[in-house]
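The chain contents come next:
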Amino acid sequence: MGNRIISVSHITKEIVLGNSKNKIKLIDDISFEINKGEFLSIVGPSGSGKSTLLNIISGLSIPTTGTVNLESQDIYKLSPTKLARLRREKIGFIFQQYNLLSALPVFENMTLQLRLSHQKIDKDQIEQLLKHINFEPKSTARIESLSGGEKQKVAIARVLATDCDIIFADEPTGALDSVSREKVFSMLRELTQLGKTVIMVTHDIEMASRTDRAVIIRDGKIQNSLSNPTETLILHEMGGDM
Ligand SMILES: Nc1ncnc2c1ncn2[C@@H]1O[C@H](COP(=O)(O)OP(=O)(O)OP(=O)(O)O)[C@@H](O)[C@H]1O
Ligand SMILES: [Mg+2]
C-alpha cells in the first residue's frame, strides 16, 4: 500500500434531458483510490465518460452521488471558495480543449494561475519549459495565432510551471507529434518521481502501458484496473474498441 492521496467512492453522475423522466447515467458507481506519486492512466472508448470522471475527481463537477476525498478532505463538502482555493493550490489541469485565453499572449496564459495564487513568476523557467517541449513560437505570440499542437503545448507548460501536487491531464498529447509526445510523457513521469501524482486520460495504448496503472472505463463504469499494464492486456480489455 502506498500513501493514498485521492479516494473516489461510489460516484455517479446523472444528467436530465428535457423532462425529468429522461435521465442518463454518465458515471455509474465508480470507486477507486490513487496513491501519492502514482502515474495513473484512464482509457476507454470515446463517450465512455473519461472527461466526466476527470472533472468530478478534480473538483470541477459535482457528482450526483458519492464522494471524492483529496488528502482526506471531502472536496464537495468544502465551501465554493475553499474548493477553488484547494484547486488553485494543489491541482493542475490540462484540458482536452486546452482552455486558454485566446486573446492573450502565451506568457500571460502561462502565468495567470501563478498570479492568482501569488506564486513567484520565473520568466527564465517559463521560457525553458516552452523550449523543452519544442514550442517554436515566441512567448509573446497570441494564442489565437497558434496551431492545435502549439496550443496543447502551452496548456501543458502552463501546468508544469505551477507547483501543484496533483496533475489531471485529459488527452494531453492528442495533438502532438511523436517527439513532443515523448517529451511530455517523460516530463509527467519525472513529476511522479518527485512525488507528484498524475492522472491522465489517453487514447494512446502504448503510452498508457507505460503508466503505473491503467483504469479501463466503459459505459461509465470501471471495466478493469490493470497494475503494470501491457499494451496487449489493455487492448484485450478494450476488445479492439478504440
Ligand atoms: N453536459 C452534458 N449533456 C449531455 N450529455 C453529456 C454531457 N456531458 C457529457 N455528455 C455525454 O456523456 C458521455 C460521456 O462524455 P465524456 O465527455 O465524459 O466522454 P469521453 O470518454 O471523455 O469521450 P472522448 O474520448 O470523446 O473525449 C458522452 O456520451 C457525452 O455525449
Ligand atoms: Mg473526453
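Data block above holds the structure.
Conventions and cut-offs
- Residues numbered from 1 in each chain as written.
- Chains lettered and ligands numbered in written order.
- Predicted model: local features only at pLDDT ≥ 70, side-chain atom pairs only at ≥ 80, totals over all residues.
- Heavy atoms only, no water.
- Helix = DSSP H or I, 4+ residues; strand = E, 2+ residues; numbered from the N terminus.
- Rg over C-alpha atoms; globule rule 2.2 N^0.38 Å.
- Buried < 20%, exposed > 50% of the residue type's maximum accessible area, 1.4 Å probe, protein only.
- Contact = heavy atoms within 4.5 Å.
- Lys, Arg positive; Asp, Glu negative; His and termini not counted.
- Charge placed at Lys NZ, Arg CZ, Asp CG, Glu CD.
- Near = heavy atom within 4 Å.
- Polar contact = N/O pair within 3.5 Å; in protein donor to acceptor, adjacent residues only side chain to side chain.
- Areas by Shrake-Rupley, 256 points an atom, 1.4 Å probe, with all protein chains shown as cover.
- Axes fitted to C-alpha atoms, helices over the stretch in contact; angles between N-to-C directions.
- Left-handed = near helix turned anticlockwise from the far one by under 90°.
- Nonpolar A, V, L, I, M, F, W, Y, C, P; charged D, E, K, R; others polar.
- Pairing = 2+ DSSP bridges.
- Donors = N, O, S within 2.8 Å, 3.2 Å for Na, K, Ca; no water.

Engineer: So what about the overall build of the protein chain? Which residues, and what values?
Structural biologist: Regarding its fold elements, the protein chain presents eight helices and ten strands. For 242 residues, the compact-globule formula gives about 18 Å, and the C-alpha radius of gyration of the protein chain, at 18 Å, lands near that figure. For the protein chain, the spread of C-alpha atoms along the principal axes amounts to about 50 × 45 × 40 Å. Looking at the protein chain as a whole, 48% of its 242 residues qualify as buried. Pairs at least 24 residues apart make up 65% of the contacts formed inside the protein chain by residues separated by at least 6 positions. Where the 30 positive side-chain charges of the protein chain centre and where its 29 negative ones centre are 6 Å apart.

Engineer: Kindly report on the environment of Ile-30, identifying the contributing residues and their values.
Structural biologist: By secondary structure assignment, the location of Ile-30 is in strand 2 (residues 23–35). Aside from chain neighbours lying at most four places away, what touches Ile-30 is Val-8, Ser-9, His-10, Ile-11, Leu-53, Ile-217, Gly-220, Lys-221 and Ile-222.

Engineer: Now, about the site of ligand 1: what can you tell me, with residues and values included?
Structural biologist: Taken together, Ile-15, Leu-26, Pro-45, Ser-46, Gly-47, Ser-48, Gly-49, Lys-50, Ser-51, Thr-52, Gln-96 and His-203 make up the full set of residues adjacent to ligand 1. Interatomic distance of 2.5 Å between a side-chain N/O atom of Ser-46 and an oxygen atom of ligand 1. Here Ser-48 contributes a backbone N or O atom positioned 3.2 Å from an oxygen atom of ligand 1. About the coverage of ligand 1: the protein hides 57% of its 640 Å² of free accessible area.

Engineer: Give me the lowdown on the packing of helix 3 (residues 106–116) against helix 5 (residues 148–160), citing residues and values where you can.
Structural biologist: A pair of packed helices can be characterised by two numbers: the angle between their axes and the separation between those axes. One can describe the packing of helix 3 onto helix 5 by two numbers: an axis separation of 8 Å at closest approach and a directional angle of 35 degrees. Crossing handedness for the pair helix 3 and helix 5: right-handed. Of the residues in helix 5, those in contact with Val-106, Asn-109 and Met-110 of helix 3 are Val-154, Ala-157 and Arg-158. Residue classes in the contact of helix 3 with helix 5 are distributed as four nonpolar, one polar and one charged.

Engineer: Go over the sheet that holds strand 2 with me, naming the residues and quoting the values.
Structural biologist: As summarised here, the arrangement of the four strands in space is 2-1-4-5, forming an open sheet in which the pairing is antiparallel. Looking at the sheet topology across the chains shown, the edges are occupied by strand 2 and strand 5 (73–74). Here strand 1 (residues 4–16) runs beside strand 2; their pairing, made up of nine bridges, is antiparallel. If you follow Lys-13 over to strand 2, its bridge partner there is Ile-27.

Engineer: How would you sum up the coordination of the magnesium ion (ligand 2)? Please name residues and give values.
Structural biologist: The coordination sphere of the magnesium ion (ligand 2) contains the protein donors Ser-51 (OG) and Gln-96 (OE1), at a distance range of 2.0 to 2.4 Å. Here Gln-96 lies in the loop between strand 6 (91–94) and helix 3 and Ser-51 lies in helix 1 (residues 50–57), a separation of 45 residues in the sequence. Ser-51 gets classed as partly exposed once you look at its relative accessible area, which sits at 24%.

Engineer: Pulling in residues and values, what's your account of the sheet that holds strand 9 (residues 213–218)?
Structural biologist: Spatial ordering of the open sheet is given by 6-7-8-3-9-10, a layout of six strands whose pairing is mixed. Lying at the two open borders of the sheet, with one neighbouring strand each, are strand 6 and strand 10 (221–227). Strand after strand, the sheet turns through a mean of 15 degrees between neighbouring axes, direction not considered. Sheet topology note: the strand 7 (residues 166–170)/strand 8 (residues 197–201) ladder contains five bridges and is parallel. Bridging across to strand 8, Ile-166 finds its partner in Thr-197. Across the sheet, helix 2 (residues 80–90) lies against strand 6 and strand 7, angled at about 75 degrees from strand 6, the strand it touches most. Along the sheet, helix 6 (residues 178–193) contacts strand 3 (39–43), strand 7 and strand 8; its crossing angle with strand 3, the most-contacted strand, is approximately 130 degrees.

Read these as layout, nothing more, since geometry by itself doesn't imply function.
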